[in-house]
Amino acid sequence: MPTTTTDIFTEKIERDLAIEPRDPMPEEYRRHLMRQISQHAHSEVIGMQPEGNWITRAPSLRAKMILLAKIQDEGGHGLYLYSAAETLGISREEMIEQLQTGKARYSSVFNYPALTWADIGAIGWLVDGAAIVNQVMLQRTSYGPYARAMVRICKEESFHQRQGYEIMAKMAAGTPEQHEMAQDALNRWWAPALMMFGPSDAESLHSKAAFQWKIKRESNDALRQKFIDKTVQQTEVIGLKVPDPNLRFNAETGHYETSPLNWDEFHRVINGDGPCNRQRLEHHRKFHEEGRWVREACQC
Amino acid sequence: MDTQLDLWEVFVQSKPGQSYKHAGSVHASDKQMALQNARDVYTRRGEASGLWVVRAADIAASSLSDHDMLFDPANDKIYRHPTFYQVPAGAKNI
Ligand SMILES: [Fe+2]
Ligand SMILES: [Fe+2]
């Protein structure tokens, strides 16, 4: 019979029982989740910007409606996640403040620009595709509200990836110029998408705790490999090339091998020095300020 | 005079980690009584790993007459479903 708070928590984790907001939990578990869930939420919200950039320039009404619906979903994902984080005792204001002061981060991939319409295809296919692999794992994360938000999100993500892949397939099969745009977008988004899983977690202390607490159930490298194995085939089917001269199928392991990633770039970008970091935060601050009167009116 | 106490709606979580689902309602004078009644009425066979009770008067609900106004906008947006998209022949895991 568990007696102390830690015992109850540890036993629930061992038995694969979800932790609910009012259950006892170690302070470090709570803080780890606050950070992870709020940063996940920030990524959903900041991630609306590179795509939002193309709403007014979508090539058809059909494409525009789809893109709007997709971006609206991402805003919704942000809301599910902010609410899940709030169950841990952090307020929305605190989280927004952490984002805007750079104390909290968001996925480094959203600091790259969406230069052409093909980028909208590449983002849906690769960025949402990579997010899906990670989020499918998180459906079984140990914190109940986070896991439930993930179930909802995963259901919605599959349209996101398909609409992106459809754009890529269409452009790859279009005029030589369109084909080239599709290949160029793939070339630019491939590595940033692979880096979304984060550096190898072999040495990370954070990861070790996350595994023990079953917040995380698969390593960054294993998830990245899953994504690569799926995506190479999808690339070939639409007649594009994976931009990696060292890509090779290893028949023994049954997995694709790829070049090492440029983690210096990753660290530089996530620490604020990517192509669009400043623009992303400025945009967020601007609209947050412009909405201030609405928040104030709500309090009257 | 009403002798039936307040109406509370009961939400049951059937397994740890799952969403709380509406099970029914009970009458009670306060939170604690509502929880106890909910336990007695809805979880006599080990149906629950968690219980929520909410005073019915505190719930804001949509009404039938609002149905079209609220939910119509979703009907013509079939592009929110993955099946709307053409996946090239042979593409797997998407
Ligand atoms: Fe999302
Ligand atoms: Fe998405």
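Treat the numbers as computed from the prediction; the structure is a model and nothing was measured.

### Thoughts on the coordination of the iron ion (ligand 2)
Residues and elements named next belong to chain A.
Then comes step 1: Coordination of the iron ion (ligand 2) by the protein comes from Glu74 (OE), Asp128 (OD), Glu157 (OE), Glu157 (OE) and His160 (ND1), over a distance range of 2.0 to 2.8 Å.
Then comes step 2: Counting along the primary sequence, the residues that act as donors to the iron ion (ligand 2) give the motif E-x53-D-x28-E-x2-H.
Then comes step 3: A distance of 3.3 Å spans the gap from the iron ion (ligand 2) to the iron ion (ligand 1), which Glu74 bridges by coordinating each metal. Of the two residues, Glu74 sits in helix α4 (residues 61–86) while Asp128 sits in helix α6 (residues 117–138), which places them 54 residues apart along the sequence. Accessibility assignment for this pair places Glu74 and Asp128 in one class, buried.

### A closer look at the pattern of salt bridges
Residues and elements named next belong to chain A.
Then comes step 1: Applying the stated rule across the entire model yields 25 salt bridges over all chains.
Then comes step 2: Lys70 is paired through a salt bridge with Glu51; the nearest N and O atoms lie 2.9 Å apart. Taken together, the residues Lys70 in helix α4 and Glu51 in helix α3 (residues 48–52) connect sequence positions 19 residues apart. Of the two residues examined, Lys70 and Glu51, each falls in the buried class.
Then comes step 3: Bridged by salt links that share partners, the residues Glu51, Lys70, Glu74 and Asp128 form one connected network.

Reading the values: rules and limits
- Residues numbered from 1 in each chain as written.
- Chains lettered and ligands numbered in written order.
- Predicted model: local features only at pLDDT ≥ 70, side-chain atom pairs only at ≥ 80, totals over all residues.
- Heavy atoms only, no water.
- Donors = N, O, S within 2.8 Å, 3.2 Å for Na, K, Ca; no water.
- Helix = DSSP H or I, 4+ residues; strand = E, 2+ residues; numbered from the N terminus.
- Buried < 20%, exposed > 50% of the residue type's maximum accessible area, 1.4 Å probe, protein only.
- Salt bridge = Lys/Arg side-chain N within 4 Å of Asp/Glu carboxyl O.

Note that every value here comes from positions in space, so none of it alone points to a role or purpose.
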